[in-house]
Amino acid sequence: GDVFTHDPGFTSTSSCESTITFIDGAEGVLLHRGYPIGQLAEKSHFLEVCYLLLYGELPSAAQLEDFETRVTRHTMLHEQMVNFFRGFRRDAHPMAIMVGVVGAMSAFYHDSTDINDPWQREVASIRLIAKMPTIAAWAYKYHIGQPFVYPRNDLDYASNFLRMCFAVPAEDYEVDPILSRAMDRIFTLHADHEQNASTSTVRLASSSGANPFACIAAGIACLWGPSHGGANQACLEMLREIGTVDRIPEFIARAKDKNDPFRLMGFGHRVYKNFDPRATVMKQSADEVLDLLGVEDNPTLQVAKELEKAALADPYFAEKKLFPNVDFYSGIILEAMGFPTSMFTPIFALSRTIGWVSQWKEMIADPKLKIGRPRQLYTGESQRDYVDVENR
Ligand code: CMC
């Protein structure tokens, strides 16, 4: 038969060549186009990182301004899209709405089906980056029954998103610069992470030459699960379930018990067997936001602070190299900002869109592109003869 490697979960399979992101899990290193994530989170901002991921170099001042203008021009959704939001039940999870609405965008941008045209690829990329905050914010507004807030293009990317989520008509809404900065950091820290499950999904879906909006919808679907992007929501729900600081030991004991499927959400990572470098920055950001907003009256945040300490001091987590990951701290920040847990994964999706888009663009432009087609280890019946129904 054919010869191939059996690698369930792709723990040791490289599926592509890429020049975008480098990770050294043992050392806890994450570089985008060579730049360390810590430097980008501290000195850069999300749209500049988008430019870097998409085009390979940091922009000049003029290039950045031009890029920001192009993104800003595309933040509005086609007015007809409103009907897609309205078609959902009010209690729909915002991720379900995002999968549907982003998939539906493929029907609005038929020109994007010509993926061999570099200009079409460029426009599709910009549209996706620009519209995703509007889509995520509108999924939220629809969910809570408030009117949609249209994008305001004099605001920066993060402030615009916060305003579309939290502004209500007839009331002024000022975006706090500390919160806007923290939001931008969450976007930046989630921007790309090489061949994770959702990015691999986008690559596999687009390897057939499919419409990019449909492929990004596939990525959103994959991200939703609790082992991946859904971990931030699952983490906060776990913190709420723990409820009070005195119950932490009980949950740590459950996480260590081999007969209990319970895991500490927001801990551990497939690649990082060291502190997740994104988590280091996110932790600082969480401390800033908590200082600003206070945790005294928020038991969930108190549990988070104590759980982090308890797990880091526990030999089980040390031996298995289980550290708090990026989703542990991002969930805490988003909770403090007032987002409901159902919005945590949509915010991850909007941030990761640039990673999906950059990797899609890189892949489509590769003249050696092949359709993704994994093999399998067949463990079923060997060949046998058909038996007529009356003889079974
Ligand atoms: N709590 C308790 N034990 C754990 C945990 C945890 N969170 N994570 C891993 N372990 C144990 C696991 O039981 C296993 O033990 P043993 O070797 O004795 O069987 C060992 O550590 C290795 O775990 P694994 O499941 O083989 O590792 P993996 O690389 O397949 O899984 C993971 C990685 C992220 C799915 C896993 O650590 C996990 O389920 N974490 C909780 C969910 C989570 O926070 N996910 C977000 C990941 S970061 C954001 C993103 O990229 O999406």
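Residues numbered from 1 in each chain as written. Predicted model: local features only at pLDDT ≥ 70, side-chain atom pairs only at ≥ 80, totals over all residues.

For the protein chain, the name recorded in an unreviewed UniProt entry is Citrate synthase, with Actibacterium mucosum KCTC 23349 as its organism. As recorded by UniProt, the Sequence similarities (unreviewed entry) comment attached to the protein chain reads in full: "Belongs to the citrate synthase family." (UniProt positions renumbered as here; feature names shortened; annotations may be inferred.)

Asker: What is the right way to look at the domain arrangement of the protein chain in this model?
Answerer: Interface size, as often reported, equals the accessible area lost upon joining of the parts. The domains assigned to the protein chain are domain 1 (72–228 + 347–364) and domain 2 (231–337). Relative to domain 2, the C-alpha centre of domain 1 lies at a distance of 27 Å. Listed as interface residues are 12 residues of domain 1 and, on the opposing side, 15 residues of domain 2. Residue assignment for the side of domain 1 that touches domain 2 shows that the elements contributing at least two residues are helix 8 (177–189) and helix 17 (344–364). With 6 residues, helix 8 is the single largest residue contributor to the side of domain 1 that touches domain 2. (Domains from an automatic or database assignment. Contact = placed C-beta atoms within 7 Å. Helix = DSSP H or I, 4+ residues; strand = E, 2+ residues; numbered from the N terminus.)

Asker: Got a minute to help me understand the UniProt feature "active site" (unreviewed entry) in the protein chain in this structure?
Answerer: Within this structure's numbering, the places UniProt gives as "active site" (unreviewed entry) are H269 and D327. A compact arrangement is adopted by the annotated residues: their sequence extent is 59 residues, whereas the largest C-alpha distance between any two is 10.5 Å. What makes H269 buried here is the crowd of 23 C-beta atoms within 10 Å. (Buried ≥ 20, exposed ≤ 12 C-beta atoms within 10 Å, placed from the backbone.)

Asker: Hey, could you run me through unusual backbone geometry in this one?
Answerer: The phi angle of most residues is negative, glycine excepted, and most peptide bonds adopt the trans form. The phi torsion at F10 lies on the positive side, around 50°, for a residue other than glycine. For F10, the location among the structural elements is in the segment before strand 1 (21–24). Judged by local crowding, F10 falls into the partly exposed class, with 13 C-beta atoms found within 10 Å. Here the phi dihedral of R33 falls at roughly 50°; this positive angle occurs in a residue that is not glycine. Note on placement: R33 falls in the loop between strand 2 (29–32) and strand 3 (35–36).

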